[in-house]
Amino acid sequence: MARAPGSGRGGPREGGEGGGRGRRSDREGGRGQRRDSSIDREESELVDRLVDINRVSKTVKGGKRFGFAAIVVVGDQRGRVGYGTGKAREVPEAIRKATESAKRGMIRVALREGRTLHHDVIGHFGAGRVVLRAAPAGTGIIAGGAMRAVFETVGLKDVVAKSVGTSNPHNMIKATFEALSAVQSPRTVAARRGKKVADILGRRDDQVAAEAAA
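The structure contained in this document is the topic of the report that follows. (Residues numbered from 1 in each chain as written. Predicted model: local features only at pLDDT ≥ 70, side-chain atom pairs only at ≥ 80, totals over all residues. Heavy atoms only, no water.)

Topic: the overall build of the chain
Scanning the chain for helices and strands turns up six helices and eight strands. A burial count over the chain gives 30% of its 214 residues as buried. Long-range pairs, those at least 24 residues apart, make up 54% of the contacts in the chain with a sequence separation of at least 6. (Helix = DSSP H or I, 4+ residues; strand = E, 2+ residues; numbered from the N terminus. Buried < 20%, exposed > 50% of the residue type's maximum accessible area, 1.4 Å probe, protein only. Contact = heavy atoms within 4.5 Å.)

Written out as structure tokens, the structure is:
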């Protein structure tokens, strides 16, 4: 007796495998959608600040070709921040390129109580030199120019900063990022030294008290 096409032991096995592959692809598709939605949510929470825009020119055969160079700072106001530059023939396109570059190069900064730095720090880049100091609650952001844009996007609420040297926004931004990259939390220092966080904080409090008494 002839068997119908697809019947027998081979039919259900092949059908079952096909169904398994379909369910697995559905699960993978769901994970991909969740991952994309989380990325979109993170990007929607980012805040960008235009620090500087400059008109540049390029001499070519027949005259000059003008364009624009922009520098943008992007952050989530919770410790992540980045900066980027972009050049284009039009201002909006230059800003878009700078924003995309800033999103790709974001760093995480350790914040104390979510409002200030853990310790004072100095940053250098080229002729730029910046000094960042932690401040008590209610101080606000005492800084100007490019540094204020960085502090607002990273989430600092109480900080005192001073720029010594050049006022070039590019050098100021890079010096500020070097300083922020050097900030370390007590948890990181304790883990590196093999000690407890209380030991690190105790030493810092003793040092502050000694400096105040002197």
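Remarks on the pattern of salt bridges
Within this structure, the stated rule accounts for seven salt bridges. For the salt bridge of Glu45 with Arg78, the shortest nitrogen-to-oxygen distance reads 2.9 Å. Here Glu45 is found in the loop between α1 (10-44) and β1 (47-60), whereas its partner Arg78 is found in the loop between β2 (63-75) and β3 (80-88), with 33 residues between them in sequence. Looking at Glu45, the relative accessible area reads 36%, which means it is partly exposed. Using a relative accessible area of 53% as the deciding quantity, one classes Arg78 as exposed. The shortest N-O distance in the salt bridge between Arg148 and Glu152 comes to 3.8 Å. Placement of the pair is Arg148 and Glu152 together in helix α3 (residues 146-154), with a separation of four residues, close to one helical turn. Judged by relative accessible area, Arg148 falls into the partly exposed class, the value being 31%. The partly exposed category is assigned to Glu152, whose relative accessible area is 27%. Members of the salt-bridge network, linked through shared partners, are Arg49, Arg148 and Glu152. (Salt bridge = Lys/Arg side-chain N within 4 Å of Asp/Glu carboxyl O.)

A look at the sheet that holds strand β4 (residues 107-108)
One open sheet accounts for four strands, arranged β1-β2-β3-β4; its pairing is antiparallel. Because the sheet does not close on itself, it has two edges, and the strands there are β1 and β4. The pairing of β1 with β2 spans 13 bridges and is classified as antiparallel. Note on β2: the bridge partner recorded for Asp48 is Val74. Against the sheet, α3 engages β1, β2 and β3, with an angle of about 135 degrees to β1. Sheet strands touched by helix α4 (residues 169-181): β1, β2, β3 and β4. Its angle to β3, the strand with the most contacts, is close to 155 degrees. (Pairing = 2+ DSSP bridges. Axes fitted to C-alpha atoms, helices over the stretch in contact; angles between N-to-C directions.)

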